[in-house]
Structures are given as C-alpha cells and as structure tokens.
Amino acid sequence: MSVATNTPDLLELELGIPRFILWFVMLPVLPVSLIGLANLIGGALLTALVLLVGLNGAFVGGYIALSERTRLRLDAESGRVCITRTSRLGTHRRDYPLAALDSAELDRTNTGQESRATSKVVLVFRDTRPATRIALSRWSVSGDGPAQIANEINAWLRHHFGEAADASAPHLSF
C-alpha cells in the first residue's frame, strides 16, 4: 500500500501485496514438480497427477489471486473516482462521481484474539440507498496500513470538500 501522488487536486494510491511475498507463494512449485515427475517415472500415475496438476494448480491459483493490484485515483479536476484492478487475468476499471464519495472506512474482521484483527479499506458512497460500499482490495491485512490509507483518503476529502466531509467521515486512529 503506497501513495503515488498526493496533491490538492489529485490523490493516487496503489494497494497490493508486495512482490517478494508472491515469490514465496510460487517457491514450492519446483520441488513439487520434481517429486511429481519422479512419481510419474516410477509409475505412480495418480500421485503424480495430484502433485503436478492439483497441488501446483493450487499454488498457481493462489499466486493469481494474490497478484491483484488496485489503483485508486481521486481526481478533483475531472470529478471522478477511478478504481483500476489489475491481475494476471486482465484489467478492470470502474469510475464513480467524486461528489458522491463520502468517506473511506475500515471493514474489520476480528479473529479470536484482538491482536489478530485484520481490516481492509472500503469507500462509502452514501448518496445512494442503501449506501454503496466498495472494497479497495479483496483481502484483509493486519497492521496499521489500511488505517493509514483510510486516513489519507479522508484527509484529502476534507481538504477538497471542507468541513462537510469532515462531519461525515469517521476519523481513524491507531
């Protein structure tokens, strides 16, 4: 999660899992493939098929799911909110009116322990009924990164829209 541009007229954020973590997802593919090929040569066709197709397919599927990156662009000049999701399967872009964006909030997921709570940033468009909530990422993460991103978005909205956005946007602090 990083801020690419932060000016009074433009806020661009990029959200994604760091690339080195994605490499760790693919790390077991080589040993699993070698073991699968050894089983194939040894005549254990079913075991080789499970390893080569099933287990390696799960690793590749996980890599594809986690490789998605989201780019948020709040552009005051054009009056648009642009959310672009890029993954190994393609790019999808959705535009929304900036005037309808109310705030950024955290969608929290609590596990058994409070220290293991995870969250993700959600954009709230309250001018619709019911309020439209759009998650910026498909996964929740622990730590204060999502709260910092939500605070950055809310601060930009307060700066751009003034005190009206300040009253409706909850201030997040950790």
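Everything below is about the structure printed above this text.
Figured I'd write up the structure that's included with this text. (Residues numbered from 1 in each chain as written. Predicted model: local features only at pLDDT ≥ 70, side-chain atom pairs only at ≥ 80, totals over all residues. Heavy atoms only, no water.)

Tracing the backbone shows Arg 69 in strand E3 (residues 69-75). Setting aside residues up to four positions removed in sequence, Arg 69 forms contacts with Glu 14, Leu 15, Gly 16, Ile 17, Arg 19, Thr 84, Arg 85 and Thr 86. (Helix = DSSP H or I, 4+ residues; strand = E, 2+ residues; numbered from the N terminus. Contact = heavy atoms within 4.5 Å.)

Glancing now at the pairing of strand E2 (residues 10-15). Across the six residues of E2, five count as buried, placing the element largely inside the fold. By the bridge criterion, six bridges tie E2 to E3 in an arrangement that is antiparallel. Note on E3: the bridge partner recorded for Glu 12 is Arg 73. (Buried < 20%, exposed > 50% of the residue type's maximum accessible area, 1.4 Å probe, protein only. Pairing = 2+ DSSP bridges.)

This part covers helix H4 (residues 145-161). Between its first and last C-alpha, H4 extends 24 Å over 17 residues, near the 24 Å set by a 1.5 Å rise per residue. Looking only at H4, the buried set comprises Pro 146, Ala 147, Ile 149, Ala 150, Ile 153, Asn 154, Trp 156 and Leu 157. In the segment just after H4, Gly 162 is the residue with positive phi, at about 80 degrees. (Expected span 1.5 Å × (residues − 1).)

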